[in-house]
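Remarks on the overall topology
Listed here are the chains, written in short residue letters.
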Amino acid sequence: MTSKIAEPIGVFPYSSYRFLPLEELAERVRAARAKLRPGLVILAHNYQRDEIIQFADVQGDSYQLSRHAAEDPECRMIIFCGVHFMAETADILANRPACVERRGGRAPVILPDLEAGCSLADMASLPQVEECWNQLASLLGEEEIVPVTYINSTADIKAFCGRHDGIVCTSANARAVLDWALTRRRHVLFLPDQHLGRNIGLRMGISMEEMPLWNPSLPLGGHEPNTLRKARIILWKGHCCVHQAFKPEHIDAFRRKFPDIHVVVHPECPLEVVEKADYIGSTSQIIKMVRESLPGTRWAIGTEVHLVNRLKQELPDREIYFLAPRISMCATMFRINLPRLCWAIENLAAGCPVNVIEVAPETAELANRALERMLAVR
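Throughout what follows, the structure given in this document is the object of discussion. Quantities reported herein were computed from a predicted structural model and do not represent experimental measurements. (Residues numbered from 1 in each chain as written. Predicted model: local features only at pLDDT ≥ 70, side-chain atom pairs only at ≥ 80, totals over all residues. Heavy atoms only, no water.)

What to know about the packing of helix H3 (residues 62-71) against helix H4 (residues 84-94)
Applied cut-off: Angles shown run from 0 to 180 degrees and are taken between the N-to-C directions of axes, each axis being a line fitted to C-alpha atoms and, for helices, limited to the stretch in contact. To qualify as a helix, a DSSP run of H or I must reach at least 4 residues; to qualify as a strand, a run of E must reach at least 2; elements of each kind are numbered from the N terminus. Here a crossing is called left-handed whenever its near helix is offset anticlockwise from the far helix by less than a right angle, and right-handed whenever the offset is clockwise. Only heavy atoms enter the contact rule, under which two residues are in contact if any of them lie within 4.5 Å. Amino acids outside the nonpolar list (Ala, Val, Leu, Ile, Met, Phe, Trp, Tyr, Cys, Pro) and the charged list (Asp, Glu, Lys, Arg) are all regarded as polar, and Gly is one of them.
Across the interface, H3 lies against H4 with an axial gap of 8 Å and an inter-helix angle of 30°. Judged by the twist between their axes, the crossing of H3 over H4 is right-handed. Here H3 contributes Ser-62, Tyr-63, Ser-66, Arg-67, Ala-69 and Ala-70 to the contact with H4, which in turn contributes Phe-85, Met-86, Thr-89, Ala-90, Leu-93 and Ala-94. Within the contact of H3 with H4, the residues separate by chemical class into 8 nonpolar, 3 polar and 1 charged.

Below, the structure written as structure tokens:
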């Protein structure tokens, strides 16, 4: 099992929070947070709704948040307003042996809603990946393959990479990580987001023919042996549902209306969208790019709608648009709401933490190996 979870019972049942007024919930969160200071750190992913962001000690992408918790000398407990794999990563980093020794105990990592998962991470299960690896090792030789997993993956997939001399990447450093991997071995197995791997691979000069898509439902991923022998990056058949929603015609429509518009999209978007965009960037890179742009400029942004709307509110002297005509949001991230946060923090203040995510020690140690390799890449 990747991680164990404390029984979500608590002193206070969640049902008593569901229909409370938002103003009362916010006041109670502030009171509980004050009681737990300075040891409590509330982390909120960039895609969270505003009612959660207002209480965040740190707002950012998943790895940035986890690393902050690990490096904060006062951190004794963590509420992670994100999704399950993010809470796992926070537990792996913040509860490494050196961190536990420094603070004199584990820092519990709490996910306010256990149903806040990630469909992308779930598209690569450990049994599927191990079967893929066995087939590739038999065909290509295990010593010729290095596994690379996007941070949007479960702890056991990160641990798989750690076990097989592999590495983790983020959307911001994927190119540097792939450069690292391909200088060591002939082939890369890239998990689990096909679009990120393909978009970065093409920018490295790797051809489409050298990046076959592995379908875990088919023998040899649906390919002839020679196709895999010639491959440099073998892409896993996975995708982010949020970024899959953006289409080339969305960009065309904005360009017809605003010829001077700047289009920036996340590298999890399909290739045909990335090819039409002006810029490609991770969430942190998108935020930086738009914040540093000139007043009066127009932007169409292809990433999660809450982040886009927040930039629009923050920068009223720029015209900022959500790229798709229909809302595309991370539905599981959206499960973290003010009633859930209030329930979690008040139970924590009462000494009965709920929804504690704890990665098994062996899994955490192996996953941390892959994360440490990423940190060493420049």
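Brief notes about the pattern of salt bridges
Here is the rule: Any carboxyl oxygen of Asp or Glu that lies within 4 Å of a side-chain nitrogen of Lys or Arg is treated as forming a salt bridge with it. Per-residue accessibility, obtained with a 1.4 Å probe over protein chains only, is compared with the maximum for each type, and a residue is labelled buried under 20%, exposed over 50%, and partly exposed between these values.
In the structure shown here, the tally under the stated rule is 21 salt bridges. The salt bridge involving Glu-24 is made with Arg-28; its shortest N-O contact spans 3.1 Å. Of this pair, Glu-24 and Arg-28 both sit in helix H1 (residues 22-36), 4 residues apart, which is roughly one turn of that helix. Judged by relative accessible area, Glu-24 falls into the partly exposed class, the value being 32%. According to the relative accessible area criterion, Arg-28 is partly exposed, its value standing at 27%. With its nearest N and O atoms 3.9 Å apart, the salt bridge here joins Arg-49 to Glu-51. Accessibility expressed as a relative area gives 14% for Arg-49, which makes it buried.

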